[in-house]
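# Fold and geometry: a report
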Amino acid sequence: MVDAALARLFSLEGKVALVTGASRGIGAALAEGLAGAGARVVGVARSPVPRDAFRQPVRYVAADVAVGLDALVAEIVAEHGRIDVLVNAAGVSVSASSDQALAAFDATLDVNLRAAYAACLAAAPHMTSGGSIINVTSINSLVGFPGNPGYVAAKGGLRLLTKALAVDLGPRDIRVNALAPGYIRTDMTAASFADPERHAARARHTCLGRWGEVGDLIGAAIFLASDASRYMTGQDLVIDGGWTAKGLT
Ligand SMILES: NC(=O)c1ccc[n+]([C@@H]2O[C@H](COP(=O)([O-])OP(=O)(O)OC[C@H]3O[C@@H](n4cnc5c(N)ncnc54)[C@H](OP(=O)(O)O)[C@@H]3O)[C@@H](O)[C@H]2O)c1
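Computed from a predicted model, the values in this text were never measured in an experiment.

Attention now goes to the site of the ligand. Within the structure, the ligand sits among 30 residues, and Arg-46, Ser-47, Asp-64, Tyr-151 and Thr-186 are positioned closest to it. In this structure, an oxygen atom belonging to the ligand sits 2.8 Å away from a main-chain N or O atom of Ile-26. Contact between the ligand and Ile-184: an oxygen atom at 2.8 Å from a main-chain N or O atom of the residue. Expressed as a share of its isolated accessible area of 880 Å², the protein-covered part of the ligand is 96%. Among the elements of the structure, helix H2 (25–36) and helix H5 (149–169) are those that each provide at least two residues to the shell around the ligand. Taken together, the residues of the shell around the ligand break down into 15 nonpolar, ten polar and five charged.

The N-to-C vectors of H2 and helix H8 (residues 218–225) enclose an angle of 55 degrees; their axes lie 9 Å apart at closest approach. On the basis of their axis angle, the class for H2 and H8 is oblique. Crossing hand, H2 versus H8: right-handed. Residue-level contacts link Ala-29, Leu-30, Gly-33 and Leu-34 of H2 to Ile-218, Ala-221, Ile-222 and Ala-225 of H8. By residue class, the composition of the contact of H2 with H8 is seven nonpolar, one polar and no charged.

As a further point, take unusual backbone geometry. Peptide bonds are mostly trans, and most non-glycine residues show a negative phi. Positive phi is not limited to glycine here, since Asp-173 has a value of about 60 degrees. Along the chain, the position of Asp-173 falls in the loop between H5 and strand S6 (174–181).

What follows deals with the environment of Phe-10. By secondary structure assignment, the location of Phe-10 is in helix H1 (residues 4–10). For Phe-10, a relative accessible area of 37% gives the class partly exposed. Taking the C-alpha atoms as reference points, Phe-10 and His-199, separated by 189 residues in sequence, lie 34 Å from one another. Apart from the residues within four sequence positions on either side, Phe-10 is in contact with Ala-37, Ile-222, Phe-223, Ser-226 and Ala-228.

Within the structure shown, the criterion is met by ten salt bridges. Arg-55 is paired through a salt bridge with Glu-32; the nearest N and O atoms lie 2.9 Å apart. Of this pair, Arg-55 sits in the loop between strand S2 (40–45) and strand S3 (58–62) while Glu-32 sits in helix H2; the two residues are 23 residues apart in sequence, bridging distant segments of the chain. Residue Arg-210 pairs with Asp-216 through a salt bridge whose shortest N-O separation is 2.9 Å. Assessed through its relative accessible area of 34%, Asp-216 is described here as partly exposed. Counted as one network, the salt bridges with shared partners bring together Arg-24, Arg-51, Asp-52 and Asp-187.

Within the element layout of this structure, Asn-135 appears in strand S5 (residues 131–136). Excluding residues that lie within four positions of it along the chain, Asn-135 makes contacts with Asn-88, Cys-120, Leu-158, Thr-162, Val-176, Asn-177, Ala-178 and Leu-179.

This paragraph deals with the nonpolar core. Ranked by internal contacts, the top residues of the largest apolar core, which has 34 residues, are Leu-18, Leu-69, Leu-72, Leu-86 and Ile-133. Every element with two or more residues in this core is listed here: strand S1 (16–20), S2, helix H3 (70–80), helix H4 (101–123), H5 and S6. At eight residues, H4 tops the list of elements feeding residues into this core. In this structure Leu-69 touches Leu-18, Thr-20, Val-44, Ala-63 and Ala-119, once residues within four positions along its chain are discounted. Counting 32 residues, the second-largest nonpolar core is a separate cluster that includes Ala-22, Ile-26, Phe-54 and Leu-237.

Conventions we followed
- Residues numbered from 1 in each chain as written.
- Predicted model: local features only at pLDDT ≥ 70, side-chain atom pairs only at ≥ 80, totals over all residues.
- Heavy atoms only, no water.
- Near = heavy atom within 4 Å.
- Polar contact = N/O pair within 3.5 Å; in protein donor to acceptor, adjacent residues only side chain to side chain.
- Areas by Shrake-Rupley, 256 points an atom, 1.4 Å probe, with all protein chains shown as cover.
- Helix = DSSP H or I, 4+ residues; strand = E, 2+ residues; numbered from the N terminus.
- Nonpolar A, V, L, I, M, F, W, Y, C, P; charged D, E, K, R; others polar.
- Axes fitted to C-alpha atoms, helices over the stretch in contact; angles between N-to-C directions.
- Parallel < 35°, antiparallel > 145°, perpendicular 65-115°, else oblique.
- Left-handed = near helix turned anticlockwise from the far one by under 90°.
- Contact = heavy atoms within 4.5 Å.
- Buried < 20%, exposed > 50% of the residue type's maximum accessible area, 1.4 Å probe, protein only.
- Salt bridge = Lys/Arg side-chain N within 4 Å of Asp/Glu carboxyl O.
- Core = buried A, V, L, I, M, F, W, Y, C linked by side-chain atoms within 4.5 Å.

Quick look at the structure:
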């Protein structure tokens, strides 16, 4: 039998959550996970409809985070009175030939960093009962990876934006943390997942010997969104199967 006080600690009952990047992959899984823990969840991405039906009640809205979420935030506040949780999971990985390198860099920073900041600016004034912002960064925010400097720069920037906002928003009881996944099987990583050599190399680099699944991140997101993490802000929660803990592969 689960202790009732302990269950309350991890419950999101009555909380209002906005999750970006919710049409598929990590954002969709986190939207479902927060809804399963009791939150009223609004998920947003550009696709007209999410790729798969949600197994938990999530209201899905089509919008581009790079254009801005002010109208959606106003709509949520009109309906629910406030926002308690913001998850910035929308992201792109734009690889490019060298003549397109700067354009790819700009496009990546626009969605992965600037739009995440814009979402924080839109939501934070409505976190009137305190709040939790979860920025989905990456192990790319902690160490360098080849071939996609814009992605590494954006995630590194998002990591320190998380700390800057934790400082600024802490006095309003708004916590801001980074959830940093390792290699997770989604559309974004489909090519390396399908390539036997790259697949094996990424699995070997973890301590657990396998890729992550989107479901592996749900517990961490519920923890960061809930009172269970109420004294935690400005931190990285790294969910990478031990990738960044390991030296020799
Ligand atoms: N997969 C991994 O191994 C991994 C590891 C570390 C971090 N991450 C991060 O986790 C997040 C989710 O990635 P994923 O692996 O789930 O990738 P994914 O399957 O490609 O999903 C990306 C999500 O972001 C949305 N999105 C992209 N641009 C958007 C925009 N301008 N406005 C609104 N939504 C937008 C996409 O929806 P639409 O196309 O419908 O707009 C989709 O829902 C990203 O921030 C990614 O950088 C992933």
